Amino acid sequence: MKMLRFGLFENAQANDSGTATWRHPANERDHFESLDYWVKIARMCEDARLDFLFLADAWGWSEVDGERLPISSEEGLDLPRLDPAIVAAALVAATTRLGLVVTGSTLLEQPYSFARRMATLDHISKGRVGWNVVTTGTAETAVEAFGMPMVAHDKRYDMADDFMEVVYKLWEGCWEPDALERDKAGRYADPAKVHRIEHEGPFFRSRGYGNTSYSPQGTPVLFQAGSSDRGRKFGGTHGECIFLGGSPSKLPDQVRAIRAEAVAAGRSADSVKIMSAFSCVVGATREEAQRKFELILESQRPEVAVASYAMFTGLDLSSYAPDTPMTELHTEMSQTQVQRFAGLTVGDVLKDWHAYGVRGKPVVGTAEDVADAMCELAERADLDGFLLTPVVQPMSTVDFVEQVLPILRERGVAAQDYQGESLRERLVGTPSPVLRDDHPGAAYRAQLAAAR
């Protein structure tokens, strides 16, 4: 069995994943505005030698029929939140090896300014940064805030392809890796190794020079999570680390489909590392774990489910009869959260969403039970690792790193220490910090070499 990689899913807001467990007495994330909270979480991850801390984000919020329900504010469902890039920047100084992954939207960001922000993080972290590429799941409300028209689901991926070409040109094609000489008796940079970019795409235009020099990784490690047909194509083309959620029974087919997309894009099947979202509730006995999980469920109000599901999909499930098949529903927002419930009814989904939200059903049991489930799923689905999605934070992370991770290390499927200096070397397995040669972004670096 292959050596697995591990990251921690976090969100700079009181709740995440469509649930609202902030009332639980062990939950500390309601203090997410405090830097002390984030330093505590990041150092916990680094001490445990988790590969990265993943900071999710969304610009939009929950609305039902154009109105934000009072329960959304009462339960801190979707607002307020913080900018993950600023949180990550603050954590650079508090950590030395931990990878820091931030979410950025190709619909709402401008590629020129975004490229500078990510290159800055990569520089100051010495190559520990990743980018979770999203086309914005909460697009319906986010576009209203930005004063722009709604863009259809698949067209947002076309837009993302264009966005990627701009940032590849800026990260890989503008400043050559050895352009800076810093010779006080000579020159600071070699002008022959600084290049003007020209981009005239269907959605974005950019002409000029990148603000930042070539960073330690060049392009940050690229994460992606879309599981629609168009999302899989985008991930197979650009993604280096794809994370999946939903039903474990569907994972093997999803993994094969993504690896096939990578091959179709001219990459090798193993160039994409695929990780599954994974939640667990750990107890000394199975009975204790089950009681622990029941208390977590009791900590949130059932009414949250309608507003929460609407936040991800734009669909008001309360307006449909409970026996309505989910296959009759359509959205231009996150199709992943509709397709995953194919074969179920609206009533089934509301019950499931209250318990689990975006997450799959957690493994509830002893530490051995959890380790067994992770190993079995990783082998059956050909996974490269797991993205731990806490049910209650930091309790969930403490239980995992103190009870489950040591068992995985004893079994030889979790590394004892960090391997490789950059996030890409450690996570993707590259021999150097930069993109593999078969990645489309590397072509912009290769074009420079060919032109010299």
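Residues numbered from 1 in each chain as written. Predicted model: local features only at pLDDT ≥ 70, side-chain atom pairs only at ≥ 80, totals over all residues. Heavy atoms only, no water.

A. Quick peek at the packing of helix α6 (residues 153-172) against helix α7 (residues 229-238). For the pair α6 and α7, interaxial distance at closest approach is 10 Å and the crossing angle is 15°. The angle between α6 and α7 falls in the class roughly parallel. As α6 packs across α7, the resulting crossing turns out to be right-handed. For the pair α6 and α7, contact is made by Asp 154, Tyr 157, Asp 158, Ala 160, Asp 161, Met 164 and Tyr 168 and by Arg 230, Gly 231, Phe 234 and His 238, respectively. In terms of residue class, the contact of α6 with α7 is built from 5 nonpolar, 2 polar and 4 charged. (Axes fitted to C-alpha atoms, helices over the stretch in contact; angles between N-to-C directions. Helix = DSSP H or I, 4+ residues; strand = E, 2+ residues; numbered from the N terminus. Parallel < 35°, antiparallel > 145°, perpendicular 65-115°, else oblique. Left-handed = near helix turned anticlockwise from the far one by under 90°. Contact = heavy atoms within 4.5 Å. Nonpolar A, V, L, I, M, F, W, Y, C, P; charged D, E, K, R; others polar.)

B. Quick peek at the packing of aromatic side chains. Tallied over the entire structure, the rule returns 19 aromatic pairs. Ring geometry for Trp 131 and Phe 163: centres 5.8 Å apart, planes at 50°, overall tilted. One end of the pair, Trp 131, is in strand β4 (residues 129-134); the other, Phe 163, is in helix α6, with 32 residues separating them in the sequence. The residues Trp 131 and Phe 163 share a single accessibility class, namely buried. For the pair Phe 278 and Phe 386, a centre-to-centre distance of 5.4 Å together with 70° between the ring planes defines the contact as edge-to-face. Residue Phe 278 is found in strand β9 (residues 273-278), and its partner Phe 386 is found in strand β12 (residues 385-388); the two are separated by 108 residues along the sequence. Classification of Phe 386 by relative accessible area gives buried; the value is 1%. The structure contains a cluster of three or more aromatic residues connected by ring pairs, namely Phe 9, Phe 52, Phe 54, Phe 223 and Phe 243. (Phe/Tyr/Trp six-rings, centres within 6.5 Å; stacked < 30°, edge-to-face > 60°. Buried < 20%, exposed > 50% of the residue type's maximum accessible area, 1.4 Å probe, protein only.)

C. Layout of unusual backbone geometry. The step from Leu 79 to Pro 80 runs through a cis peptide bond, and the omega angle for that step is 0°. Inspection of the secondary structure puts Pro 80 in the loop between α2 (70-74) and α3 (84-92). Residues Gln 393 and Pro 394 are joined by a peptide bond in cis, for which omega reads 10°. Located in the positive-phi region is Asp 382, a residue other than glycine, with phi close to 60°. Mapping Asp 382 onto the fold places it in the loop between α13 (367-381) and β12.

D. Structural detail: the sheet that holds strand β7 (residues 221-224). The 8 strands are arranged β1-β2-β3-β4-β7-β8-β9-β12 in a closed barrel whose pairing can be described as parallel. The sheet shows a mean angle of 30° between the axes of neighbouring strands, direction not considered. Inspection of the sheet shows strand β3 (residues 99-105) paired to β4 by 6 bridges, in the parallel sense. For Val 101, the partnering residue across the bridge sits in β4 and is Gly 130. Most of the contacts of helix α8 (residues 251-264) go to strand β8 (residues 241-244), to which it runs at about 155°, and overall it touches β8 and β9. (Pairing = 2+ DSSP bridges.)

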